[in-house]
Amino acid sequence: MLNHEQLGKSLLECLTEVKSLLTHAHSIAMKQQQALVSSDAEEIVVTTRAQEEILRRVGEADQRAAAIATELAQSAGLDSDTSDITALAEVAGFPNSIYIKQEMESISSISEQVRRTNEVNQQLLQNGLEIITCCLRTVANDPGPASYGNDASFGGFQANVLSLDLRV
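Novice: Looking at this structure, how should I read the pattern of salt bridges?
Specialist: Pairing of side chains with opposite charge becomes possible as their charged atoms draw close. Enumeration according to the criterion identifies seven salt bridges in this entry. As a salt-bridge pair, Arg-56 and Glu-60 come within 2.4 Å of each other at their nearest N and O atoms. Remark: Glu-60 and Arg-56 occur in helix α2 (residues 41-75); sequence separation between them is four residues, near one turn of the helix. Since its relative accessible area comes to 34%, Glu-60 is described here as partly exposed. Between Glu-90 and Lys-101 there is a salt bridge whose closest N-O contact spans 2.7 Å. With a gap of 11 residues between them, Glu-90 in helix α3 (residues 85-92) and Lys-101 in helix α4 (residues 96-141) connect regions that are remote in the sequence.

In structure tokens:
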């Protein structure tokens, strides 16, 4: 069985991993936002897949941290269901207690940044889907010659740029 200091060190390592992964998740979310604004479909797909993988890894690291925190609480005679991070950090001993508290504050701050960025990205995606839906309805309801029929008339090709950014 590990002592309190060793458990505290293991908890700190897990929390550091969670913070690192969340920082990476935030940078990926920012890249995704740029891809959404510039309508870069390939980058949207790449960043979405990367974000899913990173968040899966965050969940795993968080589960490991929770298991260690439970073990630390039980070894100290604390109720693992009602113990807060301050009590667990104190059990971990000095200097781990200071670092555990700092990591938890950082994790909370970074998690909020990721949440806000993902909310913006979700709104950009929703805007894009509304644009696509509107365009499809317009094409479907157009009484003129069908673009894909025998009587289609093609003028010149003119590129149209659609932006998912609310500011445009």
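Novice: It is not clear to me how the environment of Ala-35 should be interpreted in this structure. Could you clarify?
Specialist: Along the chain, Ala-35 falls in helix α1 (residues 4-37). According to the relative accessible area criterion, Ala-35 is buried, its value standing at 3%. Residues Ala-35 and Val-46, spaced 11 residues apart in sequence, show a C-alpha to C-alpha distance of 9.8 Å. The residues contacting Ala-35, other than those within four sequence positions of it, are Asp-40, Glu-43 and Ile-44.

Novice: Before we go on, may I ask you to explain α2 in this structure?
Specialist: In an α-helix, one full turn covers 3.6 residues, which means residues spaced three or four apart are oriented alike. Here α2 contains 35 residues, and its C-alpha end-to-end distance of 51 Å stays within 8% of the 51 Å for a straight helix at 1.5 Å per residue. Within α2, burial applies to Ile-44, Thr-47, Gln-51, Ile-54, Val-58, Ala-61, Ala-65, Ile-68, Ala-69, Leu-72 and Ala-73. Here the buried face of α2 lies against α1, α3 and α4. Gly-77 sits one or two residues past α2 and shows a positive phi near 80 degrees.

Novice: Please clarify how the environment of Arg-116 should be interpreted in this entry.
Specialist: Looking at the element boundaries, Arg-116 is found in helix α4. For the pair Arg-116 and Ala-29, spaced 87 residues apart in sequence, the C-alpha separation works out to 9.8 Å.

Novice: Where do I start with α1 in this structure?
Specialist: The end-to-end C-alpha separation of α1 is 49 Å, in line with the 50 Å expected for 34 residues at 1.5 Å each. Within two residues after α1, Ser-39 carries a phi angle of roughly 55 degrees, on the positive side.

Novice: Would you mind showing me how to read the packing of α2 against α3 here?
Specialist: Direction vectors running N to C along α2 and α3 enclose 70 degrees, while the axes themselves pass 10 Å from each other. When the interaxial angle is binned, α2 and α3 end up roughly perpendicular. Judged by residue contacts, Ala-69, Leu-72 and Ala-73 of α2 engage Leu-88, Val-91 and Ala-92 from α3. Classifying every residue of the contact of α2 with α3 gives six nonpolar, no polar and no charged.

Parameters and conventions
Residues numbered from 1 in each chain as written. Predicted model: local features only at pLDDT ≥ 70, side-chain atom pairs only at ≥ 80, totals over all residues. Heavy atoms only, no water. Salt bridge = Lys/Arg side-chain N within 4 Å of Asp/Glu carboxyl O. Helix = DSSP H or I, 4+ residues; strand = E, 2+ residues; numbered from the N terminus. Buried < 20%, exposed > 50% of the residue type's maximum accessible area, 1.4 Å probe, protein only. Contact = heavy atoms within 4.5 Å. Expected span 1.5 Å × (residues − 1). Axes fitted to C-alpha atoms, helices over the stretch in contact; angles between N-to-C directions. Parallel < 35°, antiparallel > 145°, perpendicular 65-115°, else oblique. Nonpolar A, V, L, I, M, F, W, Y, C, P; charged D, E, K, R; others polar.

Read these as spatial facts, not as claims about activity.
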